[in-house]
Amino acid sequence: MRDWAVLMSMFDYDARPVTPGVVLVGTSASRGGYAIRDFLSRNGYPFEWVDAGQPDAMRAVLGVAEVEPSALPLCILPDGSRLASATVEQVAAGLGMVAAPALPEYDLTIIGAGPAGLAAAVNAASEGLRTVVVEAVAPGGQAGTTSMIENYLGFPNGISGSELATRATVQARRFGAELLLARPLVDVSADGPVYVAELSDGTLIRGRAVLFASGVEWRRLEVPGIDDLLGAGIYYGAGPSEALACTDSQVVVVGGGNSAGQAVVRFSRYAQRVTLLVRGHDLGSSMSQYLIDQLSAIPHVEVRVRTQAAALEADDRLRAVIVRSGDSAEPARLPAAAAGDQSARRVRRRGRALRVGQTLLGGHRRGIDGRGARPPAAGRGGR
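Residues numbered from 1 in each chain as written. Predicted model: local features only at pLDDT ≥ 70, side-chain atom pairs only at ≥ 80, totals over all residues. Heavy atoms only, no water.

### What about the confidence of the model for the chain?
Inclusion rule: Known as pLDDT, the predictor's confidence for each residue is given on a scale from 0 to 100. Note on definitions: a residue-residue contact is assigned when non-hydrogen atoms from the two residues lie within 4.5 Å.
Looking at the chain, the pLDDT average stands at 83 and 83% of residues meet or exceed 70. pLDDT under 50 marks residues 1–18. Its contacts with residues more than four places away, or in other chains, come to 57 contacts. For residues 345–383, every residue scores under 50 in pLDDT, and the model assigns this stretch 266 contacts once sequence neighbours within four places are set aside.

### Describing unusual backbone geometry
Rules: Note on conventions: DSSP H or I runs of at least 4 residues are helices, E runs of at least 2 residues are strands, and numbering of each starts at the N terminus. A simple rule labels every residue: compare its accessible area, found with a 1.4 Å probe on the protein chains alone, to the largest value its type can have, and call it buried under 20%, exposed over 50%, or partly exposed in between.
Residue Pro73 is bonded to the preceding Leu72 through a cis peptide linkage, with omega at -5 degrees. You can see Pro73 is positioned in the loop between α2 (55–62) and β3 (74–76). Residues other than glycine seldom take positive phi values, yet Asp248 does so here, at roughly 65 degrees. If you trace the backbone, Asp248 turns up in the loop between β13 (234–236) and β14 (250–254). The exposed category is assigned to Asp248, whose relative accessible area is 60%.

### Description of the side chain of Ser147
Short version of the rule: N or O atoms closer than or at 3.5 Å make up a polar contact, with two conditions inside protein: a donor-capable atom paired with an acceptor-capable one, and, for residues adjacent in sequence, both atoms drawn from side chains.
As for its placement among the helices and strands, Ser147 is situated in the loop between β6 (131–134) and α5 (161–174). By relative accessible area, which is 8% here, Ser147 ends up buried. Engagement of the side chain of Ser147 in a polar contact is seen with the side chain of Gln262, the distance being 3.1 Å.

### Some thoughts on helix α4 (residues 115–126)
What counts, and what does not: The length a helix should cover is 1.5 Å for every residue beyond the first.
The terminal C-alpha atoms of α4, which comprises 12 residues, lie 16 Å apart, in line with the 16 Å expected from a rise of 1.5 Å per residue. Here α4 has its buried residues at Gly117, Leu118, Ala120, Ala121, Val122, Ala124 and Ala125. Those residues of α4 that are buried lie in contact with β5 (108–111), β6, α5 and β11 (210–212). Taken from the residues just after α4, Gly128 is the one with a positive phi, measuring 90 degrees.

### Things to note about the sheet that holds β5
Heads up, the condition is: In this scheme, strands are said to pair when DSSP sees at least two bridges between them. Every angle, taken between N-to-C directions, lies between 0 and 180 degrees, and every axis is a line fitted to C-alpha atoms, over only the stretch in contact when it is a helix.
Across the sheet, which stays open at both edges, the 4 strands sit in the order β7-β6-β5-β11 with parallel pairing between neighbours. This sheet does not close on itself; its edge strands, each paired only once, are β7 (178–180) and β11. Within this sheet the neighbouring strands show an average axis-to-axis angle of 20 degrees, counted without direction. For β5 and β11, the ladder comprises 3 bridges, and the chain directions are parallel. Bridge pairing in β11 links Ile111 to Phe212.

### Here's the deal with the packing of helix α6 (residues 258–268) against helix α7 (residues 289–296)
The condition that has to hold: Here roughly perpendicular refers to angles of 65 to 115 degrees, roughly parallel to angles under 35, roughly antiparallel to angles over 145, and oblique to all remaining angles. It is the rotation of the near helix from the far one that decides the hand of a crossing: anticlockwise by less than a right angle makes it left-handed, clockwise makes it right-handed. Ten residues, namely Ala, Val, Leu, Ile, Met, Phe, Trp, Tyr, Cys and Pro, are considered nonpolar, four, namely Asp, Glu, Lys and Arg, are considered charged, and the remaining ones, Gly among them, are considered polar.
In the contact formed by α6 and α7, the axes pass within 10 Å of each other and the chain directions differ by 30 degrees. Taken together, the axes of α6 and α7 lie roughly parallel to each other. In this structure, α6 meets α7 at a crossing whose hand is left-handed. Taking contact as the criterion, the partners of Asn258, Gly261, Gln262, Val264 and Val265 in α6 are, on α7, Tyr290, Leu291, Gln294 and Leu295. Class assignment of the residues belonging to the contact of α6 with α7 gives a composition of 5 nonpolar, 4 polar and no charged.

Following this line, the structure appears as structure tokens:
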């Protein structure tokens, strides 16, 4: 495999080799490119990532050394067709992942295909209810991006979030549940005895009942300029698709919960150094002990307590995170290729990870592999 190729597999994002079915060309600072990479990796669709800034890689794939910036991200589908300035919706449709509802009416419409939504689908469909699940991104939700869940009942050796999501999806479909991907819900209205759910592409789903299992919404760091860097070094809930891209980089993760700890463990496999920023005085009140033990055993991981991000340094992407610690009046500069925020709000909907020049990832959450965590202070977040 070429050293510039990044390949993803659903059951184990680190497994090699995998034959890619999609080629995606873009820049590391592209928000659109990140969204497509995240979508493909979380749906278990192998792809090859080609950096548009590497002429040799471009020639090997496209036969030319460069592509007009306006055409990026460029997606080449398995049938050879090309999507210029590609979007997630276009790629999903091109791969046949967008389907119309099979039935005119359902007994139960479930919004969200995380563990709760998939469990509901298994239970409902197994009892003979006509069940449909709507998911904006990929099955598994937040748990699907977790490298290893070790405190989930029935898996004494742990299970990766992607494999758990895949098994649950297969189980739900075996009982007859239907799964509609890549289209978020935009509206629900009553129509006599049924409810009509409208998706982003105009698809209408009629159901006798609606169950909302839509996940969490990431808190946003209150740092000037951070929104301009989303997908260009800043990520909310950064998933497996970004880990390899941070090889030999410095990564910053914000948050003190289990999601932040999982992110640190994953990124530490590739990054030169990972720094975890925690607003509280210690990790014990918000992170499971087994994760704390894992972090302490990784030599190139640093945990900074009573610390939060205060500012960013960037050009076309993140270059450094400025942090303030404890009672110190002097800020510190952490060079960074990516940064991520992992702080979850009350259950509402899923978000994305944040990544800065180094990788900044972090988080608080409740639920699978997590404890009830304190809400993060203004200016920091977690996953």
